[in-house]
Amino acid sequence: MGEICIICGKDTGAKWKICDDCIDRLNEKIHHPEPGICPICGKKVVHNGKKNNSKYCSPDCYNISIKVNQKIWHIEHRKHLPQDIVPRQTPKKRTVKRKSRLDENALKAREMGLSYGIYMARVRSGNA
Ligand SMILES: [Zn+2]
Ligand SMILES: [Zn+2]
């Protein structure tokens, strides 16, 4: 049991206050309105002389149109959802290979201006 459709009084079967049938129908009318006719209730739009180019006859109908658009957005957005919820492949962090002990020694030897062999000999004799 959901909300009652504010347009036709049917149970919408959801938390929406407008049923899918009315959404379809109103969406069509909102996007292809007859000039001077409220796309929501079909009444003639009278603007009481006010400068107002709303295609809706009243704030109520305007609010309904917002709900319709929200629902349409929701439906269209949901269509794309299956792709969106696929977890993105996060590139695996490359584990940086630790420098081997040999490389470290070779580097130190170079820093000291020694050949690797001599440096290692010094390391071994405790002079490095
Ligand atoms: Zn309805
Ligand atoms: Zn209206």
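As a reminder, the structure under discussion sits directly above these lines.
In short, a report on the structure. (Residues numbered from 1 in each chain as written. Chains lettered and ligands numbered in written order. Predicted model: local features only at pLDDT ≥ 70, side-chain atom pairs only at ≥ 80, totals over all residues.)

**Here's the deal with the overall build of the chain**
For step 1, the next point in the chain: Broken down by element type, the chain carries four helices and zero strands.
For step 2, the next point in the chain: Element order for the chain, N to C, with α for helix and β for strand: α-α-α-α.
For step 3, the next point in the chain: Scored against the burial criterion, the 128 residues of the chain give a buried share of 15%.
For step 4, the next point in the chain: Intrachain contacts of the chain at a sequence separation of at least 6 include 21% that bridge at least 24 residues. (Helix = DSSP H or I, 4+ residues; strand = E, 2+ residues; numbered from the N terminus. Buried ≥ 20, exposed ≤ 12 C-beta atoms within 10 Å, placed from the backbone. Contact = placed C-beta atoms within 7 Å.)

**Digging into the nonpolar core**
For step 1, the next point in the chain: Core analysis: the largest hydrophobic core is formed by 14 residues, its most contacted members being Ile18, Cys22, Ile23, Cys38, Ile40, Tyr56 and Cys61.
For step 2, the next point in the chain: For this core, the elements supplying multiple residues, two or more each, are helix 1 (20–31) and helix 2 (59–84).
For step 3, the next point in the chain: If near-sequence neighbours (up to four positions away) are discounted, tyrosine 56 is found in contact with Cys38, Ile40, Val45, Cys61, Tyr62 and Ser65. (Core = buried A, V, L, I, M, F, W, Y, C linked by C-beta atoms within 7 Å.)

**Describing helix 3 (residues 101–111)**
For step 1, the next point in the chain: Across the eleven residues of helix 3, zero count as buried, placing the element largely on the outside.
For step 2, the next point in the chain: Of the residues flanking the end of helix 3, it is glycine 113, one or two places downstream, whose phi is positive at about 70 degrees.

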